[in-house]
Amino acid sequence: MSDAIEGLLEEGRTFPPPPEFAATARVRDSSLQAAADADPEAFWAGQAAELLDWDRPWDRVLDWQPPDAQWFLGGTLNVAHNCVDRHVAAGLGDRVAFLWEGEPGDERAITYAELQDEVSRAANALLALGIERGDRVAIYMGMVPELPIAMLACARIGAAHSVVFGGFTADSLRGRINDAEAKALITCDGAWRRGAVVPLKDIADEALQDAPSVHHCIVLRRTDHGVSMTPGRDHWWHDLVEAQSEHCPPEPMDAEQLLFILYTSGTTAKPKGIMHTTGGYLTQVASTFRNVFDIRPESDVYWCTADCGWVTGHSYIVYGPLANGATSVIYEGTPDHPDKDRFWAIVEKYGVTILYTAPTAIRTFMKWGDEYPQRRDLSSLRLLGSVGEPINPEAWIWYHDVIGHGRTPIVDTWWQTETGAIMISPLPGATPLKPGSATFPLPGVGADVVGDDGEPVGVPGGGYLVLNRPWPSMLRGVWGDPQRFRDTYWSRFEGLYFAGDGAKRDADGYLWLLGRVDDVMLVSGHNISTAEVESALVDHHAVAEAAVVGTTDATTGQAVSAFVILRSGNVASDDLVRELRDHVAKLIGPIAKPKSILFTDDLPKTRSGKIMRRLLRNVAEDESLGDTTTLADPSVVAGIRDRYLASNAGGDDE
Ligand code: WT7
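Residues numbered from 1 in each chain as written. Predicted model: local features only at pLDDT ≥ 70, side-chain atom pairs only at ≥ 80, totals over all residues. Heavy atoms only, no water.

Enquirer: What is the right way to read unusual backbone geometry from this model?
Expert: Backbone geometry follows two general trends: most residues other than glycine have a negative phi, and most peptide bonds adopt the trans configuration. Cis peptide bonds are those with omega within 30 degrees of zero, and the linkage from P66 to P67 qualifies with 0 degrees. Tracing the backbone through its elements, the reader meets P67 in the loop between β1 (60-65) and β2 (68-73). Omega for the peptide link from H337 to P338 comes to -5 degrees, which places this bond in the cis form. Here P338 is to be found in the loop between β17 (328-331) and α13 (342-350). Although it is not a glycine, R194 sits at a positive phi angle of roughly 50 degrees. Residue position: R194 is located in the loop between β9 (191-193) and β10 (196-198). (Helix = DSSP H or I, 4+ residues; strand = E, 2+ residues; numbered from the N terminus.)

Laid out in structure tokens, this is it:
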């Protein structure tokens, strides 16, 4: 940490809301918080009534049978109507919903009226293929406008979408399709990424070889590089969707109708299908988008740089912004194409006022240097956001000074795929900021820090982050695995949701998130399970056993570090390291590639045979080994440490 920042933190310097921002902010004081504290259920009911259109009002706000919650029981609404049609009906049809920019530089502006037509046609196409309410539809696309259109089309007819990130492999896609038993897949011929085509349709074809539930595949033409189409199964979007009528009345859905499944890594190799439903989810994403981003739909241009394949894209590219009638930028490609100022060129060109991105991106921009943002006019920005992992104070200050020119508040938003919406965040017009702290739970949210015994640690204190009250956008379970839902989130502490993050509270009560405490790594803000990477390594014929840990990395937050025992007859070599890294990339995706691989003859294990990853982490982080008395053979870890230091297994940078 630089001296300047250390000084800043020691002084406990806070950044109060800039007066000109606070003067017009939606939330300027603690009255909303006070109202929510007094009666959280009434607060959420108020948000649901104020922010959404209901076809039928609910009979009860909440039914809470821990760990199962139902919100707005008896109420009905349609998500697509709330995100699109009602804005057109209110006379806002000419407002732009999406300002889309393709990586090659092509552009499209899509108004709410156009979005209504497109979503209706796509919904009619799904109906024509026999997709019904309750069915699952997998979506595997690049960042083109048809991705949110496909999501909204599903919502319109009550089919649940399962968006699979376009960077995932055929195996990952197939596993997710089969787990959800998706009836249809919507994909693209390809996507543009760093000037090259990602062959999505080829990957999808490979996945579909063993995905018996899928009867139809809709293919959007984007890269036009020539793909094979399977007669009967595959349909071009431009043939099927464009031939449909633009009339497709949105049907009222039960508030607890499944809206989507989104897979996230857990501590075992099999990803969990996180389920989100309709009324509570939309209430909380609409409310948090409005209050955290202080949105003024008539004048703001908002840009969230995430991909729709992650929950951030679901909640803060699609549902939150559209429910508020906002105008958003969507960008297809990478930040360094054709040059490292692409993001800042987009901010300048569209006059972006609110930018929401991830610490890993911010650290990359820092590494590239100030010259890139300085080339462009960033004066339109009035608010910055961060999500995905703890933002270190250096990155916070750089973001604030170099991107925000010292004028913009930063909202550091803590949440998870499971929480569906932002839970802990400053309210930019009301909360004094401390660089690196996500500050306080939002109104209506109950969060606390507890010790091993489940008791609150008090102020100041450190322990585990828990959520101690149901919230509208909470996950409704793990698809097909209610036991895993209980075990993962509700068994650690009686009556509390266990988030899996370490956290501390400082003397002022501010929350500081400290990263994962379980075996989930956070690489560039993405959840990757150690078990998933281990099983990919062991899948390689040369590997007998593997242990994987997340280690601190200046750019990606955490990096994947692997310790590998080879099967006899195999020899450690740089070529083998490369081969194993590629093998992991092929099975899971490039993001899961180990940054370093150390070959070893043994792994530190407890007497019951459980690998002690903590010790491997200590080795990789060059920390003291602490207590090794529970090890079956304490000399093993000392041997690994010697080899690790000798090998300089820092890995190569990519
Ligand atoms: C995990 C959830 C939320 C969308 C993207 C990630 C970490 C997320 C923050 C933050 C510190 C954060 C946590 C959390 N995380 N935001 N502002 N400060 N940590 O969603 O893949 O479900 O990962 O991301 O560790 O548990 P996800």
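Enquirer: Help me understand the site of the ligand in this model?
Expert: The environment of the ligand is formed by 18 residues, the closest being D412, T413, T417, D501 and R516. In this structure, a nitrogen atom belonging to the ligand sits 2.8 Å away from a main-chain N or O atom of T413. Within the complex, the protein chains bury 96% of what would otherwise be the 550 Å² of accessible surface of the ligand. Taken together, the elements giving at least two residues each to the shell around the ligand come down to α12 (311-323) and β24 (511-516). Residue composition of the shell around the ligand, grouped by class: seven nonpolar, seven polar and four charged. No fewer than three residues from each of domain 1 (14-56 + 66-434 + 447-501) and domain 2 (516-646) sit in the shell around the ligand. (Near = heavy atom within 4 Å. Polar contact = N/O pair within 3.5 Å; in protein donor to acceptor, adjacent residues only side chain to side chain. Areas by Shrake-Rupley, 256 points an atom, 1.4 Å probe, with all protein chains shown as cover. Nonpolar A, V, L, I, M, F, W, Y, C, P; charged D, E, K, R; others polar. Domains from an automatic or database assignment.)

Enquirer: I tried to follow the pairing of strand β22 (residues 461-467) on my own but got confused; where do I start?
Expert: Looking down a regular strand, the side chains alternate between one sheet face and the other. The buried fraction of β22 is high, at five of seven residues. Judged from the four bridges that link them, strand β21 (residues 447-450) and β22 form a sheet pairing that is antiparallel. By the bridge assignment, V450 is partnered in β22 with Y464. Examined bridge by bridge, β22 and strand β23 (residues 497-505) share six bridges and lie antiparallel to one another. Paired with G461 across the strands is R505, a residue of β23. (Buried < 20%, exposed > 50% of the residue type's maximum accessible area, 1.4 Å probe, protein only. Pairing = 2+ DSSP bridges.)

Enquirer: Which parts of the structure should I look at to understand the packing of helix α6 (residues 112-128) against helix α7 (residues 146-157)?
Expert: Two measures define how a pair of helices packs: the angle their axes make with one another and the distance between the axes. Where α6 contacts α7, the two axes come as close as 8 Å, and the packing angle between them is 65 degrees. Where α6 crosses over α7, the two elements pack in a sense that is right-handed. Only I149, L152, A153, C154, R156 and I157 of α7 make contact with α6, whose side of the interface consists of L115, E118, V119, S120, A122, A123, L126 and L127. A breakdown of the residues in the contact of α6 with α7 according to their chemical character gives eleven nonpolar, one polar and two charged. (Axes fitted to C-alpha atoms, helices over the stretch in contact; angles between N-to-C directions. Left-handed = near helix turned anticlockwise from the far one by under 90°. Contact = heavy atoms within 4.5 Å.)

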